[in-house]
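A closer look at the structure
Letter by letter, the chains look like this.
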Amino acid sequence: MKSFRFCFLMLTIAILASPALSDLVLSKVDRRVENAGPEKESLVLLAFPEQQAKNMAYLMATPHEGKGKVKNPVVALPVEAANPKDMPAALTFYSVSLPKGLAEGDSFTFDVLAVFTHALRPIPEQITQADIQLVLYQDSAHYLSPYAVKVQSLSVKLPDSRIESYTKLENTKIHGSEIKYGPYENLPSFSYSPIAVHFESNLPFAVAQELVREIEISHWGNVQVTEHYKLIHGGAQSKGEFSRLDFLARPNVRGASAFRYLVANLPPRAHSVYYRDEIGNISTSHLRGDSKKTELLIEPRYPMFGGWRTAFTIGYGLPLQDFLYESDGKRFLNITFSSPMVELVIDALIVKVVLPEGSSDISVAASFPVEQWQETKISHLDIDGRPVVVLKKTNVVPQHNQFFQVYYHFSQLSMLREPLMLISGFFFFFVACIVYMHADISISKSSASYLAKQQWEEVQAVIQQVQNIISRCLTTHDNLEASLRDLSRTGNIQACKAARKAADGLLKELSKELKPLLTFLQSSPSAAQVLPKVEELVAKERELQEKVMVKHSTVVDGYEKKLGARDIENRVALQQQKLTALRQEVDDLLEFIDEI
Amino acid sequence: MSNSYTSDILKPFKLKTKQQELLIRVLILCLVYILAFITRLFSVLRYESMIHEFDPYFNYRTTLYVTQHGFYDFWNWFDYESWYPLGRIVGGTLYPGLMVTAALIYRLLHFLRFAVHIREVCVLTAPFFASNTTLVAYFFGKEIWDSGAGLVAAILIAVCPGYISRSVAGSYDNEGVAIFALLFTFYLFVKAVNTGSLAWGLASAFGYFYMVSAWGGYVFIINLIPLYVLVLLITGRYSMRLYVAYNCLYILGMLLAMQIRFVGFQHVQSGEHMAAMGVFFLMQVFYFLDWVKHMLSDTNLFQEFLRITVTCAVAVGGIALGVGMASGYISPWTGRFYSLLDPTYAKDHIPIIASVSEHQPTAWSSFMFDFHILLFLFPAGLYFCFKRLSDATIFIVMYGLTSMYFAGVMVRLILVATPAVCLISAIAVSATVKNLTVLLRSKTKVAQIGSTKGTSSAKASSKASLDQSQPFQKNGAMALLFGAFYLLSRYATHCTWVTSEAYSSPSIVLAARGAHGNRVIFDDYREAYFWLRQNTPLDAKVMSWWDYGYQITAMGNRTVIVDNNTWNNTHIATVGRAMSSYEDEAYEIIRSLDVDYVLVVFGGVTGYSSDDINKYKLSYYRFGEMMTEYGKPPGYDRARGVEIGNKDIKLEHLEEAFTTSNWIVRIYKVKPPNNRW
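These figures come from a predicted structure and were not determined experimentally.

Further remarks concern the overall build of chain A. Of the regular secondary structure elements, chain A holds seven helices and 31 strands. Computed over its C-alpha atoms, the radius of gyration of chain A comes to 47 Å, more than 25% above the 25 Å expected for a compact globule of 596 residues. Out of the 596 residues in chain A, the part that is buried amounts to 46%. For chain A, contacts bridging at least 24 residues in sequence account for 76% of all contacts bridging at least 6. Taking the average location of the 63 positive side-chain charges in chain A and that of its 68 negative ones, the two points are 3 Å from each other.

Below is the structure:
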């Protein structure tokens, strides 16, 4: 850091604007540097007192652009923590690298944005429900810098015009809610003039002591975001009674320091939004959506007074194609880092990106330093867990809500893994069922009951065969009847006779088949119960068969003799009646046997 | 011709009647299984997946403990968050069946890589077991009557409001699994009696063990089964099958039940279990006599022997019982048991049992509400059972009659009667429908044949003659069948209506209709519990009436003085006294109990009537300034419909710490004592 031997003359028009919102203090410094030394200089040092440095959450330097200009995407200047020699130890330094070296007499203007958290101190520290909340802001009216300052002014913007007290220096003006110090000219380096502003602030002091965001990617088309908040009201502690009556009657007076709701700006097309906590769903929330954004308004279960805590979880799904891209054969997720909540200070933020199982070659790109490590998470249908990239950052402010990228390799085929697992699971289940149904798993193959059971199964199989034969006989009868009907329609006696012949042959065969079955049944002891019925069935069927044959012969005879249809009908009428009765009996018997 | 052609093609695929029947039966069972599950999901759809009521919160909390710390830690858990300063030995004072079951399901699902939350498992345990109960009901029905009756029983029990009331999703209570265990044990025992198989006896012993581990209602089993055995002995139905079944169940069941610490040695030491033991010894005597009778051929000698043995046995038994009672080895019957036998007992002796609304005698309307048509199908089923008396039907008749009596004594015992009522009604429905269809089918068949054959006069005359022999029978059968279906469909509608309207409210979240017909949700309980959880010191002691104890520990995660496990009446009385005394006096008790917060439930703003109005001072604090209803004076109590008298209530030792948005829960902080006088 030899450059420090050379003195910079800084012509600094530093308008230090400090809007003190909630727990955040944004300080914006607009400065112009001019090199007064002989050498080219490319680094500029920024100094912060210890107190501020501890609370600093965010620091960004951008080249200044003229007012009214169309905003181009501003390229931030690189800022690094510096540790220069020969400087007071109580100060923390950051160095800003200028885009090009600054020669003697050159000037360059740039903006520095620093965000501080926990910089406002509530005084008094405890208030009752009816009190308003007062906070104290401390800073220096003179711009603290290792360089000499030519011109400088400070304006403090407050949320409300009610100011309890403020340090009065020369050149102090107050404009509504804005206090302006300066301009001061030609200040030596490291000049410091402490100021304190004590003012009313009822803006929500929402501080997330811990926020765990889990972003889970499913290649089936969804990015699921789950955010677990542990929230505290970071303002003045409430003391004494909480009266619901007062709060109901005049919430803006008796409960001015409390906040009742939070707003989250979710990405567009967010769906399946939920809001719950450990003990269940919280029903007080509203969701409004349009094509630009989805606005979620959530109310904690109770109004948040100073020091009160709450914890909750919000979750939402996002369409995959909005956040997942591909480049060079690698996929990358491009999503915002921090919470979608408006005006929320996060003490510790943990972002977990859960990649699909089988992802490899994982790398993260973020625009600010984060702690990083990997875990695995076992979720639905995982065999060895999904890789999880964990990013941790403390002291996070809305300015950190920038996009970051997670690159990884994932083969499309791995997507099929889980459905295939499910399918094979069901497949094996059914196979097991089939095996169980068909396998003989009894232990003792020689026990009486087992043998009896087997015999009974054999008997059942035989009875089944008998039934089949009988029903085939019955179909043959039906065919014969059909041939008779054909005869009456066409008068083709030959066809009818042929049908008769075929039927005769078939029936003979069937009765041959039936014989061994019947002998088996007669020999088997376990068939003793059913045997009479089966025998009756066979007998009835034979009777039926004979009757059908007789009827058939009669009708064919009649046709051969060219008798009138009515005549034939009269002849067979009696037979027909018997046939019907018999058929009924056979059917009944079949049914009875079926039910055994 | 084409017709027959297609039928030839389809022949290999055509199912036989038996297979068809099997297919239909399995299909119906699957549908019933699903139906039983989904009809219990009203509460999840209407509200959310949450635990209901009071006791389930304790069960949920303990289940959480099992899954996080493992079984042995759970078994040895000393819970210092309840009954401050006494604490509670959880492992020894609960029935662990439910929690262990849920934890096992949870483990199994995680083993199969279904990463579900334990809460979802707990919420859905009761519907899952209700589904299983339908299967058991089917098999039980099949065992005592036929598969038709089994199917009807499965359908009836799937939607019966008496059972649904305790098994909707979220009602994570012992009864949810216990009814399954109860019916399963009974089924296995009846199966064992019917077959005489040692395997079934063994299974029934394990079923009994599961029941003992799940619910205190196991006492019903251990008294009903001996009674049943006794009846069989008296009616001369003693058999070797019965001997095997009962001895196996009793001995093994008893030994297994002793493994549950909450039950311990009660099977040999408590008066409630003595009946089972007596019957067990009686069985041995019976068997012995049977053997002697077999050995002795002389009947006179046997009569003599019988007289001596029976006298001796009875005398020995009586003396043993007397000595046991007198020496205090056998404990007398407990209050709850007495109050079952004598409904007025609790009112006179144990007011805390009588004070619980579900321990009240049942009103007729709630029988109608919970059983609907089953109420008159039940006697019809009893008639059919008596008509075809067997060991199994005797059992179901006894189960039905005793449980109906108990259901009349206590509202909550309708639950125990439900399976019996469903089974017996199923027998009635099945038998009736079967008779009617047989009647219809026998005739339709003739008619069918007549029409298909299409041949005219002779057939027609035969058909006519059949019809004439049974005039109007077919039409009558048809009408009755339609009537039965109409009644059953009314039953289904009623059940659905009851489930959706009466039994699906979580009672933690209250819902009401707003002025514009929109749904207004009062989530005050959880608001207050969550406030306690987040904004009080971790070791804060909360005093409330015992109803809210379990919820405060489970949702608020804070120590309570008394809770729903009302084991120490003195402690409860102390809290009750603190709640209803003047502030100065109460303050002393509160100090002595080391209480930090006092929680009261108050319905004066919303008209919620089940609140703690006897703590009126805390309830009405600053209520006098509140406008509750348009056109009424400030301080108008909507729950009681009056304007309160004393509107200017000042508190000295307590201060309002939190009141929920609808004033239902009010929490007061106990101020530390003044430093000086």
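What follows is about the UniProt feature "domain: STT3/PglB/AglB core" (unreviewed entry) in chain B. As annotated in UniProt, the feature "domain: STT3/PglB/AglB core" (unreviewed entry) corresponds to residues 542-600 of chain B in the numbering used here. Structurally, residues 542-600 of chain B comprises 51% helix and 14% strand, and the distance from its first C-alpha atom to its last is 10 Å.

Attention now moves to the side chain of Lys191 of chain B. Residues and elements named next belong to chain B. Within the element layout of this structure, Lys191 appears in helix H10 (residues 174-195). A relative accessible area of 18% means that Lys191 is categorised as buried. In this structure, Lys191 is in contact with Glu143, Gly196 and Trp200, ignoring residues within four places of it in sequence.

Turning our attention to the interface of chain B and chain A. Across the boundary between the two partners, chain B contributes 41 residues, which contact 40 residues of chain A. Between chain B and chain A we count three salt bridges in total. The salt bridge involving Glu278 of chain A is made with Arg533 of chain B; its shortest N-O contact spans 2.6 Å. At the boundary of chain B and chain A, one finds 17 residue pairs in polar contact (both at pLDDT 80 or more).

This next bit is on the sheet that holds strand S6 (residues 559-560) of chain B. All names here are of chain B. One open sheet accounts for five strands, arranged S6-S5-S7-S11-S10; its pairing is mixed. Looking along the sheet, the strands with just one partner apiece sit at the ends: S6 and strand S10 (654-659). Across five bridges, the pairing between S10 and strand S11 (residues 665-670) is antiparallel. Counterpart to Phe658 in the pairing with S11 is Ile667. Packing of helix H26 (residues 524-535) onto the sheet brings it into contact with strand S5 (541-543), strand S7 (597-601), S10 and S11, and relative to S11 it is tilted by some 25 degrees.

Cis geometry is adopted by the peptide bond preceding Pro124 of chain A, which originates at Ile123 of chain A and carries an omega value of 0 degrees. Residue Pro85 of chain B follows Tyr84 of chain B across a cis peptide bond; omega there is 0 degrees. Relative to the helices and strands, Pro85 of chain B is located in the loop between strand S1 (78-79) and strand S2 (88-89). Positive phi values are uncommon outside glycine, yet Asn171 of chain A reaches one of about 65 degrees. Tracing the backbone through its elements, the reader meets Asn171 of chain A in the loop between strand S12 (163-166) and strand S13 (172-175). Phi at Asp328 of chain A takes a positive value of approximately 50 degrees, unusual for a residue other than glycine. Mapping Asp328 of chain A onto the fold places it in the loop between strand S25 (324-327) and strand S26 (330-336). Classification of Asp328 of chain A as exposed rests on a relative accessible area of 78%.

Now for the environment of Ile215 of chain A. Residue and element names in this part refer to chain A. Looking at where Ile215 falls in the secondary structure, it is placed in strand S16 (residues 206-218). Remark: the alpha-carbon pair of Ile215 and Val225, spanning ten residues in sequence, is separated by 4.5 Å. In this structure, Ile215 is in contact with Val223, Gln224, Val225, Leu333, Ile335, Val351, Lys352, Val353, Val354 and Phe404, ignoring residues within four places of it in sequence.

Attention now goes to the side chain of Ser425 of chain B. Along the polypeptide, Ser425 of chain B turns up in helix H23 (residues 414-453). Not counting the four nearest positions on each side in its chain, Ser425 of chain B is found in contact with Leu156, Leu374, Leu377 and Phe378 of chain B.

Residues and elements named next belong to chain A. The strand order S25-S26-S31-S28 describes an open sheet built from four strands, whose pairing is antiparallel. Every other strand in the sheet has two partners, leaving S25 and strand S28 (360-365) as the edge strands with one partner each. Averaged over all neighbouring strand pairs, the angle between strand axes comes to 25 degrees, with direction disregarded. In this sheet, strand S31 (residues 403-409) lies alongside S26 in antiparallel orientation, the contact comprising six bridges. Each bridged residue has a counterpart across the sheet, and for Leu333 the counterpart in S31 is Val406.

This part is about the UniProt feature "domain: Oligosaccharyl transferase STT3 N-terminal" (unreviewed entry) in chain B. The UniProt record marks residues 24-424 of chain B with the feature "domain: Oligosaccharyl transferase STT3 N-terminal" (unreviewed entry), using the residue numbering of this structure. Regarding residues 24-424 of chain B, the helix share stands at 74% and the strand share at 1%, and the terminal C-alpha atoms are separated by 23 Å.

Okay, the domain arrangement of chain B next. Residue and element names in this part refer to chain B. Here the domain parsing of chain B yields domain 1 (17-219 + 356-429) and domain 2 (520-670). The gap between the C-alpha centroids of domain 1 and domain 2 is 36 Å. Counting from both sides, the interface comprises 19 residues of domain 1 and, opposite them, 26 residues of domain 2. Overall, the association of domain 1 and domain 2 removes approximately 1900 Å² of surface from exposure, summing both partners, and the carbon and sulfur fraction of that is 60%. Considering only the surface of domain 1 that becomes buried against domain 2, Glu81, Trp83 and Tyr84 emerge as the three largest contributors, covering 42% of it. Viewed at the interface, domain 2 and domain 1 are joined by one salt bridge. As a salt-bridge pair, Glu48 and Arg526 come within 2.9 Å of each other at their nearest N and O atoms. Along the contact surface separating domain 1 from domain 2 lie ten residue pairs in polar contact (both at pLDDT 80 or more). The element best represented in the side of domain 1 that touches domain 2 is helix H4 (residues 55-69), accounting for four residues.

The next subject is the packing of H26 of chain B against helix H27 (residues 549-556) of chain B. Any two packed helices are characterised by the angle at which their axes cross and by the distance between the axes. Residues and elements named next belong to chain B. Packing of H26 against H27 leaves a shortest axis separation of 8 Å and a crossing angle of 55 degrees. Of the possible angle classes, the one that applies to H26 and H27 is oblique. Crossing hand, H26 versus H27: right-handed. Listed contacts from H27 to Tyr525, Arg526, Tyr529, Leu532 and Arg533 of H26 are Gln551, Ile552, Ala554, Met555 and Gly556. Residues that form the contact of H26 with H27 fall into these classes: six nonpolar, two polar and two charged.

In this section: the environment of Ile493 of chain A. Residue and element names in this part refer to chain A. Structurally, Ile493 is set in helix H5 (residues 493-523). Sequence-wise, Ile493 and Asp557 are 64 residues apart; in three dimensions their C-alpha atoms are separated by 9.5 Å. With residues near it in sequence (within four places) discarded, Ile493 still touches Leu487, Val556, Tyr559 and Glu560.

A cluster of nonpolar side chains, Trp220, Leu413, Leu416, Leu420 and Ile423 of chain A, forms an exposed patch at the surface whose accessible area comes to about 590 Å². Looking at the secondary structure, you find Ile423 of chain A in helix H3 (residues 417-438).

What follows is about a positive patch on the surface. All names here are of chain A. Among the surface-exposed residues, Lys508, Lys512, Lys515 and Arg542 lie close enough to one another that they form a single positively charged patch. The biggest single contributor to the positive patch is H5, with three residues. Following the sequence through the fold, Lys512 ends up in helix H5. Residue class for Lys512 comes out exposed when judged on its relative accessible area of 62%.

Note that side chains of opposite charge can pair when their charged atoms are close. Inspection of the entire model under this criterion finds 41 salt bridges over all chains. When the shortest N-O distance is used, the salt bridge between Arg386 of chain A and Asp382 of chain A registers 2.7 Å. Residues Arg386 of chain A and Asp382 of chain A agree in their burial class; the two are buried. Arg166 of chain B is the salt-bridge partner of Glu175 of chain B, the closest N and O atoms lying 3.0 Å from each other. Relative accessible area serves as the criterion here: at 17%, Arg166 of chain B is assigned to the buried category.

Procedures and definitions
Residues numbered from 1 in each chain as written. Chains lettered and ligands numbered in written order. Predicted model: local features only at pLDDT ≥ 70, side-chain atom pairs only at ≥ 80, totals over all residues. Heavy atoms only, no water. Helix = DSSP H or I, 4+ residues; strand = E, 2+ residues; numbered from the N terminus. Rg over C-alpha atoms; globule rule 2.2 N^0.38 Å. Buried < 20%, exposed > 50% of the residue type's maximum accessible area, 1.4 Å probe, protein only. Contact = heavy atoms within 4.5 Å. Lys, Arg positive; Asp, Glu negative; His and termini not counted. Charge placed at Lys NZ, Arg CZ, Asp CG, Glu CD. UniProt positions renumbered as here; feature names shortened; annotations may be inferred. Salt bridge = Lys/Arg side-chain N within 4 Å of Asp/Glu carboxyl O. Polar contact = N/O pair within 3.5 Å; in protein donor to acceptor, adjacent residues only side chain to side chain. Pairing = 2+ DSSP bridges. Axes fitted to C-alpha atoms, helices over the stretch in contact; angles between N-to-C directions. Domains from an automatic or database assignment. Buried area = accessible area lost by both parts, 1.4 Å probe. Parallel < 35°, antiparallel > 145°, perpendicular 65-115°, else oblique. Left-handed = near helix turned anticlockwise from the far one by under 90°. Nonpolar A, V, L, I, M, F, W, Y, C, P; charged D, E, K, R; others polar. Patch = residues over 30% accessible without salt bridge, like charges linked within 9 Å, V, L, I, M, F, W, Y side chains within 5 Å. Areas by Shrake-Rupley, 256 points an atom, 1.4 Å probe, with all protein chains shown as cover.

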